[in-house]
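# Structural overview for review
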Amino acid sequence: MPPRERSGSRSSNRFAFQQSWALRLTLDLHEKPGDYCVLFDVHDDVVALDHSVTPTKATFYQIKTKTTGNWTAHQLTVQEPGAKGAPLPSILGKLYDHYLRFSAHVERLIFVSNAAFNVATAIPPAGKERDSICMTDLDATELQGISDKLTAEHGLTAVPGGLPRTYLERTSLSLTDHETHAEGAICTFLSKQGDGTIPPHPFHRTVRAEMQRRNNKECAPTTFPELLKQKGLTRDQFQGMIDSVPSQKGQDDLLASIRNQLLAEKIDFRRLHALVGGIRTYLAQRQDQTNLLLADGV
């Protein structure tokens, strides 16, 4: 299905935070068995599909940051007036719309934020103390209030059926230092890949650049393969990025081999030092796939 609307403008930090969160999601999916595909800025901020060729389930993620305070049920369900007076969709109303459109294909609907949720729960712990809250975990009065708001917003004739699949999640990702936290997650992830010596910083830059390119791509795909090509990141594509980055051990072995060859050819010491230094710089820069000059030339 085509999206109902295109996302509006975002502040640079909110977009960067969203990228860092999507990167951690991709790392988590890649460490699990089975295929996957992550879509950027299609239907919602991030959508995770259970397969890159024949998906049957989708998880929709709406990501919002908050500098102060906690989220309340009112903030999540209030409909602010639009420019022409008509009410805008509420946060949960917009998220719940995916269930109305895709129904049985919805795995989960998840609202993600760095802030806690000040909502009443049926049993302890309280909402502010939880990192994940399913709507069915809420106190009966709180749940009924949200259900009534969604019913009115969407003109439903029955109780919203997708609430057991709707979640509120607080991420541990830092609002002000999320890129450093994301790179830390990459360090842990890459330590388990190959010989464990893939440099994390250039890999982080490459993946973020690819996510940004997919997120900012303005297009209207008419087929699923076209959608994947323009807006998706699959398991095979992400593994390809990992495989394309040489390990530090491999780089060191190559540099040692070159140095030994130059010594065998009795290169002057000063020239040898300059050549080895230049090669070391080149190899380091070549790992950064955002350097288009080197990426196109090697």
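Here's what I pulled together on the structure shown here. Everything quoted here is computed from the prediction, not taken from an experiment.

Quick look at the overall build of the chain now. The helix and strand tally for the chain stands at eleven helices and seven strands. For the chain, buried positions account for 42% of its 298 residues. In the chain, 65% of the contacts between residues at least 6 apart in sequence involve partners at least 24 apart. Of the accessible surface of the chain, which amounts to about 15,800 Å², a share of 53% is contributed by carbon and sulfur atoms.

Remember that side chains alternate between the two faces of the sheet whenever the strand is regular. The element strand E3 (residues 58-64) is largely enclosed, with a buried count of six among its seven residues. Of the strand pairs in this sheet, strand E2 (residues 44-49) and E3 are connected by four bridges, and their pairing is antiparallel. Its bridge partner lying in E3, Leu 49 is registered against Ala 58. Note that E3 and strand E4 (residues 106-113) share seven bridges and pair parallel. Note that in E4 the partner of Thr 59 across the bridge is Arg 108.

Glancing now at unusual backbone geometry. A cis geometry characterises the amide bond from Pro 124 onward to Pro 125, with omega recorded as 0°. Looking at where Pro 125 falls in the secondary structure, it is placed in the loop between E4 and strand E5 (132-134). Of note in this structure, Asp 41 is not a glycine but carries a positive phi near 60°. By the secondary structure assignment, Asp 41 is in strand E1 (residues 37-42). For Asp 41, a relative accessible area of 21% corresponds to the partly exposed category. Even without being glycine, Ser 103 reaches a positive phi, approximately 45°. Within the secondary structure, Ser 103 is located in the loop between helix H3 (91-102) and E4. Take Ser 103: its relative accessible area is 36%, and that puts it in the partly exposed class.

The next point concerns the pattern of salt bridges. For the coordinates displayed, the defined rule picks out seven salt bridges. Where Lys 192 meets Glu 31, a salt bridge forms, and the shortest distance between an N and an O atom there is 3.1 Å. Residue Lys 192 is found in the loop between helix H5 (178-190) and helix H6 (200-216), and its partner Glu 31 is found in helix H1 (residues 12-31); the two are separated by 161 residues along the sequence. Take Lys 192: its relative accessible area is 54%, and that puts it in the exposed class. A salt bridge links Glu 210 to Arg 214, with the shortest nitrogen-to-oxygen separation between them at 2.6 Å. Taken together, the positions of Glu 210 and Arg 214, both in helix H6 and four residues apart, correspond to about one turn of that helix. With a relative accessible area of 4%, Arg 214 lands in the buried category. Salt bridges here are not isolated pairs; linked through shared partners, they connect Glu 210, Arg 213 and Arg 214.

Of note, Glu 265 is situated in the loop between helix H9 (248-264) and helix H10 (269-286). We classify Glu 265 as partly exposed; its relative accessible area is 47%. Among the polar contacts made by the side chain of Glu 265, one reaches the side chain of Gln 261 at a distance of 2.8 Å.

This paragraph deals with the layout of surface pockets. Computed from the structure, the second largest pocket encloses a volume of approximately 620 Å³. What lines the second largest pocket is a set of 27 residues, and nearest its centre among them are Leu 25, Asp 28, Leu 29, Lys 32 and Tyr 61. Elements that contribute at least two residues to the lining of the second largest pocket include exactly H1, E2, E3, E4 and strand E6 (166-170). Among the elements that line the lining of the second largest pocket, the one with the most residues is H1, at five residues. For the lining of the second largest pocket, the class distribution of residues is eleven nonpolar, four polar and twelve charged.

So, how was this worked out
- Residues numbered from 1 in each chain as written.
- Predicted model: local features only at pLDDT ≥ 70, side-chain atom pairs only at ≥ 80, totals over all residues.
- Heavy atoms only, no water.
- Helix = DSSP H or I, 4+ residues; strand = E, 2+ residues; numbered from the N terminus.
- Buried < 20%, exposed > 50% of the residue type's maximum accessible area, 1.4 Å probe, protein only.
- Contact = heavy atoms within 4.5 Å.
- Areas by Shrake-Rupley, 256 points an atom, 1.4 Å probe, with all protein chains shown as cover.
- Pairing = 2+ DSSP bridges.
- Salt bridge = Lys/Arg side-chain N within 4 Å of Asp/Glu carboxyl O.
- Polar contact = N/O pair within 3.5 Å; in protein donor to acceptor, adjacent residues only side chain to side chain.
- 1 Å grid on protein atoms, 1.4 Å probe; cavity = no way out; pocket = protein on both sides within 12 Å on 5 of 7 lines; lining within 4 Å.
- Points joined across faces, edges and corners; volume = space filled by probe spheres on them.
- Nonpolar A, V, L, I, M, F, W, Y, C, P; charged D, E, K, R; others polar.

Spatial relationships are all this shows, so hold off on functional conclusions.
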